[in-house]
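# Examination of the molecular architecture
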Amino acid sequence: MRKLIVPALVLAAASVAAPSMAQSYHRPAPPHHGAQHAGYGAWQSINARQANLDRRIDQGVRNGQLGRREATRLRGEFNSLLRLEANYRRGGLTAWERQDLDRRFDRLSAQIRNERNDRDHRRG
């Protein structure tokens, strides 16, 4: 009986500690955005942020909020960020590199938001 309890306790302790080791680099949204967005303050990995930005550009094109030139420019900046991240990851991400990527993701996110809301390519 004792042989079963000890491994079970070790396994339980490891499963509690594992989520704390997960990486995330996303800063919470500014306070004025808190009530408007689901998941406010939720931590996102770099991959999740990239997927979210890519999805937002696609949605903007589909619903007419982004014109072809706007989308092409935003995609170019997005792809440039992907290349920069790949270069950073070659030697392992340092804290400074994570912060740099986070700042750049924030800037691109703001550009996407501004372009989607500037109303210069609305249909109708």
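What comes next is a walk through the structure. (Residues numbered from 1 in each chain as written. Predicted model: local features only at pLDDT ≥ 70, side-chain atom pairs only at ≥ 80, totals over all residues. Heavy atoms only, no water.)

### A closer look at the overall build of the protein
Let me state the cut-off plainly: A helix here means a DSSP run of H or I that spans at least four residues, while a strand means a run of E at least two residues long, and both kinds are numbered starting from the N terminus. Exposure is judged per residue with a 1.4 Å probe applied to protein chains only, and the accessible area is read against the type maximum: over 50% gives exposed, under 20% gives buried, and values in between give partly exposed. Whether two residues are in contact is decided by their heavy atoms: any pair within 4.5 Å suffices. Accessible areas in this description were obtained via Shrake-Rupley with a 1.4 Å probe; residue shielding takes into account the shown protein chains only.
When helices and strands are tallied, the protein shows four helices and zero strands. Burial analysis of the protein (124 residues in total) assigns 27% to the buried set. Once local pairs closer than 6 in sequence are excluded, the contacts in the protein between residues at least 24 apart make up 63%. Of the accessible surface of the protein, which amounts to about 8,800 Å², a share of 55% is contributed by carbon and sulfur atoms.

### Focus on the packing of helix 2 (residues 46-62) against helix 3 (residues 68-90)
Worth spelling out the cut-off: To get an axis, a line is fitted to the C-alpha atoms, and for a helix only the part in contact is used. The angle between two axes follows their N-to-C directions and goes from 0 to 180 degrees. Roughly parallel means an angle under 35 degrees; roughly antiparallel means over 145; roughly perpendicular covers 65 to 115; every other angle is labelled oblique.
Two elements in contact, helix 2 and helix 3, have axes whose closest approach is 10 Å; the angle formed by their N-to-C orientations is 170°. By the angle between their directions, the pair helix 2 and helix 3 is classed as roughly antiparallel. Across the interface between the two elements, Ile46, Asn47, Gln50, Leu53, Asp54, Ile57, Asp58 and Val61 of helix 2 pack against Ala71, Leu74, Arg75, Phe78, Leu82, Glu85 and Arg89 of helix 3.

### So, the packing of helix 2 against helix 4 (residues 95-117)
Our working definition: Here a crossing is called left-handed whenever its near helix is offset anticlockwise from the far helix by less than a right angle, and right-handed whenever the offset is clockwise. Three classes are used, and their members are as follows: Ala, Val, Leu, Ile, Met, Phe, Trp, Tyr, Cys and Pro are nonpolar, Asp, Glu, Lys and Arg are charged, and the others, Gly among them, are polar.
Taken N-terminus to C-terminus, the directions of helix 2 and helix 4 make an angle of 15°; their axes are 10 Å apart at the nearest point. Considering their axes alone, helix 2 and helix 4 lie roughly parallel with respect to each other. As for how helix 2 packs across helix 4, the hand of that crossing is left-handed. Contact residues: Ile46, Arg49, Gln50, Leu53, Arg56, Ile57, Gln59 and Gly60 in helix 2; Leu101, Asp102, Phe105, Asp106, Leu108, Ser109, Ile112, Arg113 and Arg116 in helix 4. For the contact of helix 2 with helix 4, the per-class residue count stands at seven nonpolar, four polar and six charged.

### As for the packing of aromatic side chains
Quick reminder of the rule: Stacked, tilted and edge-to-face are the three classes applied to pairs of Phe, Tyr and Trp rings, where Trp contributes its six-membered ring and a pair requires centres within 6.5 Å; stacked means planes under 30 degrees apart, edge-to-face means over 60, and tilted covers the rest.
Per the stated rule, a full pass over the model turns up one aromatic pair. Ring plane angle 70° and centroid distance 6.3 Å describe the contact between Tyr88 and Trp96, whose orientation is recorded as edge-to-face.

### Looking at the pattern of salt bridges
Just so we agree on the cut-off: The rule for a salt bridge is simple: a side-chain nitrogen of Lys or Arg has to be within 4 Å of a carboxyl oxygen of Asp or Glu.
On inspection of all chains with the given rule, the structure shows nine salt bridges. With a closest N to O distance of 3.6 Å, Asp100 and Arg103 form a salt bridge. Of this pair, Asp100 and Arg103 both sit in helix 4, three residues apart, which is roughly one turn of the helix. Put simply, Arg49, Asp102 and Asp106 are held in one network by salt bridges that share partners.

### A word on helix 3
Under the convention used in this document: Expected span of a helix: the number of residues minus one, times 1.5 Å.
With 23 residues, helix 3 extends 33 Å between its outermost C-alpha atoms, agreeing within 8% with the 33 Å of an ideal straight helix rising 1.5 Å per residue. All of the buried residues along helix 3 are Glu70, Ala71, Leu74, Phe78, Leu81, Leu84, Glu85 and Tyr88. Elements that come into contact with the buried residues of helix 3 comprise helix 2 and helix 4.

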